[in-house]
Amino acid sequence: GSVSVGAENAGASTIDQRLVFVGREDGKLLAMRQLIQEGLKPPVLLFVQSIERAKDLFKELVYDGINVDVMHAERSQLQRE
């Protein structure tokens, strides 16, 4: 069996989805800074290509004073919740 929450193959109407092409992995920091300046409000999910990149991006955003957290495979299940 399977479990479905909401309509199958459809995003929730309360979620604003946006795809932003940033060119390279390091362009994500610049894109996030710009989106925040334009009024982007949390919560936000940002996908990166590696655990190291997630850690680096986390440090940069914290340095910018942005309230963020990071989830990746090196964290325990408790830390991810």
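Read on for a plain summary of the structure. (Residues numbered from 1 in each chain as written. Predicted model: local features only at pLDDT ≥ 70, side-chain atom pairs only at ≥ 80, totals over all residues. Heavy atoms only, no water.)

### Brief notes about the overall build of the protein
The line we're drawing: Numbering of helices and strands runs from the N terminus; a helix is a DSSP stretch of H or I covering at least four residues, while a strand is a stretch of E covering at least two. Only the C-alpha atoms count toward the radius of gyration. The rule for a globule is 2.2 Å times the residue count to the power 0.38. Exposure is judged per residue with a 1.4 Å probe applied to protein chains only, and the accessible area is read against the type maximum: over 50% gives exposed, under 20% gives buried, and values in between give partly exposed. Working rule for contacts: check all heavy atoms of both residues, and any pair within 4.5 Å makes them a contact. Areas reported here follow the Shrake-Rupley algorithm with a probe of radius 1.4 Å; residue values treat only the protein chains shown as occluding.
Counting its regular elements, the protein contains three helices and zero strands. Over its C-alpha atoms the protein spans a radius of gyration of 15 Å, topping by over 25% the 12 Å that the globule rule assigns to 81 residues. Overall, the protein is about 45 × 30 × 25 Å in size when its C-alpha atoms are taken along their principal axes. Within the protein, the proportion of its 81 residues that are buried is 17%. Summarising the internal contacts of the protein: among those between residues at least 6 apart in sequence, 27% fall at separations of at least 24. As displayed, the protein has an accessible area near 7100 Å², and 53% of this comes from carbon and sulfur atoms.

### Notes on helix α2 (residues 51–63)
What counts here: Expected span of a helix, by definition, is 1.5 Å for each gap between consecutive residues, and there is one gap fewer than residues.
The end-to-end C-alpha distance of α2, which contains 13 residues, comes to 18 Å, matching closely the 18 Å that a straight helix rising 1.5 Å per residue would cover. Buried residues along α2 sit in contact with α1 (27–37).

### Focus on the side chain of Lys-28
Mapped onto the fold, Lys-28 is located in helix α1. On the basis of relative accessible area, Lys-28 is assigned to the buried category, the value being 17%.

### Brief notes about the environment of Val-70
Looking at the element boundaries, Val-70 is found in the loop between α2 and α3 (77–80). It is 10 Å that separates the C-alpha atoms of Val-70 and Phe-47, two residues lying 23 residues apart in sequence.

### Some thoughts on the packing of α1 against α2
Counted only if it meets this: To get an axis, fit a line to the C-alpha atoms, keeping to the stretch in contact for a helix; angles then go from 0 to 180 degrees between the N-to-C directions. Handedness of a crossing is defined here by the sense of rotation of the near helix relative to the far one, left-handed for an anticlockwise turn of less than a right angle and right-handed for a clockwise turn. Classes in brief: Ala, Val, Leu, Ile, Met, Phe, Trp, Tyr, Cys and Pro nonpolar; Asp, Glu, Lys and Arg charged; the others, Gly included, polar.
As a packed pair, α1 and α2 sit with axes 10 Å apart at the nearest point and diverge in direction by 35°. In terms of crossing hand, the pair formed by α1 and α2 is right-handed. Where α1 approaches α2, its residues Leu-29, Met-32 and Arg-33 are matched on the opposing element by Arg-53, Leu-57, Glu-60 and Leu-61. A class-by-class count of the residues in the contact of α1 with α2 yields four nonpolar, no polar and three charged.

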